[in-house]
Amino acid sequence: MFPSLVQKMMYVFLIVLLIGELGKGDTLGEDEDHDGVGSVVEEEEDPDEGETTVLPPGMQKLSFKPANLTEEDHHSLHMPSDLMCDGCRVVAHIVAKRLNRIQSRYKEGHRLLESDVIDILDNACRDEDSFNEYGVKEVKGKKRLSGEGLETKDEAGMMQGGGKWPHRLQQMCEQYVGNLGDEVIYEEFLVNGSLENLFCYSEENGNVCYHKTKDEL
């Protein structure tokens, strides 16, 4: 007895279904081989698992931590003793920068009026914006101030700014300008173009950085 038309159609359907399943199996096998040999499979890491990121050869992972601040660092109105030298160098840089800004407007050899020098020095110390960019950072295992005029600015690290740091630097600026006087400061600037030696390494201002060598800075 010959199969009916319905039976023939069922046979054809079963054959097509079987061929389709076999085709899927081949495709899966090809994908697995391709992923295993020629492609890079990226897996998204779960940040909660704390897995270490794998870096390309020759690259080193850098990690930074905030400086370990003491109670004095957090609450004192004055610059902590271990940061006095950095603070002094910041002040010397800020004041010299202000003097240079005005002096550079005139021809070489021109002397500013004493009243102008006084105004420049006063404004340099009172301008809080000049000190806002400074903060504390851990550099080579040591706590340091960081910002313009200090080599630590270019050192990698996590800087903690704001807070009491600008006020402390302003206070140091006013104290040093008062101690040394506008005439002495201006003469030093005209001769050397820098105030760091006068502010930080001279007996006139208490040898603020006397215990620091150039190699330690």
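Our structure is the block above this text.
Criteria and cut-off values
Residues numbered from 1 in each chain as written. Predicted model: local features only at pLDDT ≥ 70, side-chain atom pairs only at ≥ 80, totals over all residues. Heavy atoms only, no water. Helix = DSSP H or I, 4+ residues; strand = E, 2+ residues; numbered from the N terminus. Buried < 20%, exposed > 50% of the residue type's maximum accessible area, 1.4 Å probe, protein only. Contact = heavy atoms within 4.5 Å. Areas by Shrake-Rupley, 256 points an atom, 1.4 Å probe, with all protein chains shown as cover. Pairing = 2+ DSSP bridges.

Quick look at the overall build of the chain
Per the secondary structure count, the chain includes 7 helices and 3 strands. Order of helices (α) and strands (β) in the chain, N terminus to C terminus: α-α-α-α-β-β-β-α-α-α. Relative to its 217 residues, the chain shows a buried fraction of 30%. Long-range pairs, those at least 24 residues apart, make up 67% of the contacts in the chain between residues at least 6 apart in sequence. Put simply, the chain shows about 15100 Å² of open surface, and 52% of that area lies on carbon and sulfur atoms.

A word on the pairing of strand β2 (residues 142–146)
Burial analysis of β2 places 4 of its 5 residues in the buried class, which makes it a mostly covered element. Hairpin connection from strand β1 (residues 135–139) to β2: 2 residues lie between these consecutive antiparallel strands, with Lys140 at a positive phi of about 55°.

Description of the sheet that holds strand β3 (residues 160–161)
As summarised here, the arrangement of the 3 strands in space is β2-β1-β3, forming an open sheet in which the pairing is antiparallel. Each end of this open sheet is capped by a strand with a single partner; those strands are β2 and β3. Pairing between β1 and β3: 2 bridges, direction antiparallel. Counterpart to Gly135 in the pairing with β3 is Gly161.

Taken by themselves, the reported measurements are silent on function.
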